[in-house]
Amino acid sequence: MDGIIVFLLVGLVAGFLAGKLMGAESQGIVANLIIGVIGAIIGGFLFHSPPRPRHSWMAPLLTELAAAIVGSIILLILLRFIRK
């Protein structure tokens, strides 16, 4: 259960940060969560790497957040193309 909560929190933060980086207008908490979670899935596919030993809990969290942000930005770019 902890993993799901962390995944949703990472998705929420990633969606918010991706929206700010892309200059998107405020989308709301639900839209940020959806974009971030889908972006985390996309980022997970793009940056899939073999498991490594974890020396601290912070390093894996930051790499997951970075991958989620990149995936969210890719999703926002795709959504812009679809809307036009």
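Everything here concerns the structure above.
How each quantity is defined
Residues numbered from 1 in each chain as written. Predicted model: local features only at pLDDT ≥ 70, side-chain atom pairs only at ≥ 80, totals over all residues. Heavy atoms only, no water. Helix = DSSP H or I, 4+ residues; strand = E, 2+ residues; numbered from the N terminus. Buried < 20%, exposed > 50% of the residue type's maximum accessible area, 1.4 Å probe, protein only. Contact = heavy atoms within 4.5 Å. Areas by Shrake-Rupley, 256 points an atom, 1.4 Å probe, with all protein chains shown as cover. Core = buried A, V, L, I, M, F, W, Y, C linked by side-chain atoms within 4.5 Å. Patch = residues over 30% accessible without salt bridge, like charges linked within 9 Å, V, L, I, M, F, W, Y side chains within 5 Å. Salt bridge = Lys/Arg side-chain N within 4 Å of Asp/Glu carboxyl O.

**As for the overall build of the chain**
Reasoning step 1: Of regular secondary structure, the chain possesses three helices and zero strands.
Reasoning step 2: When the helices and strands of the chain are listed from N to C terminus, the series reads α-α-α.
Reasoning step 3: Residues classed as buried in the chain amount to 27% of the 84 residues present.
Reasoning step 4: Contacts in the chain between residues at least 24 apart in sequence constitute 76% of all its contacts with a sequence separation of at least 6.
Reasoning step 5: Of the roughly 6,100 Å² of accessible surface on the chain, 74% is carried by carbon and sulfur atoms.

**Re the side chain of Ser72**
Reasoning step 1: Considering the arrangement of structural elements, one finds Ser72 in helix α3 (residues 58-83).
Reasoning step 2: Beyond its immediate sequence surroundings of up to four residues, Ser72 is in contact with Ala14, Gly15, Ala18, Ile35, Gly36 and Gly39.

**A few points about the side chain of Asn32**
Reasoning step 1: Along the chain, Asn32 turns up in helix α2 (residues 29-46).
Reasoning step 2: Assessed through its relative accessible area of 10%, Asn32 is described here as buried.
Reasoning step 3: With near-sequence residues (within four places) excluded, Asn32 lies in contact with Gly11, Leu12, Gly15, Phe16 and Gln27.

**Points about the nonpolar core**
Reasoning step 1: Within the largest apolar cluster, six residues are counted, these being Val10, Ala14, Ala40, Leu65, Ala68 and Ile69.
Reasoning step 2: The greatest single-element share of this core, amounting to three residues, is contributed by α3.
Reasoning step 3: With sequence-adjacent residues up to four places away left out, Ala68 is seen in contact with Val10, Ala14, Gly36, Gly39 and Ala40.
Reasoning step 4: By size, the runner-up hydrophobic cluster in this structure holds five residues, among which are Ala18, Met22, Ile35 and Leu75.

**Focus: a nonpolar patch on the surface**
Reasoning step 1: A grouping of Ile4, Phe7, Leu8, Ile41 and Phe45 is seen on the molecular surface, where their side chains present a nonpolar patch of about 520 Å² in accessible area.
Reasoning step 2: For the nonpolar patch, the secondary structure elements donating two or more residues are α1 (2-22) and α2.
Reasoning step 3: Looking at the nonpolar patch element by element, the count peaks at three residues for α1.
Reasoning step 4: With respect to the helices and strands, the residue Phe7 is situated in helix α1.

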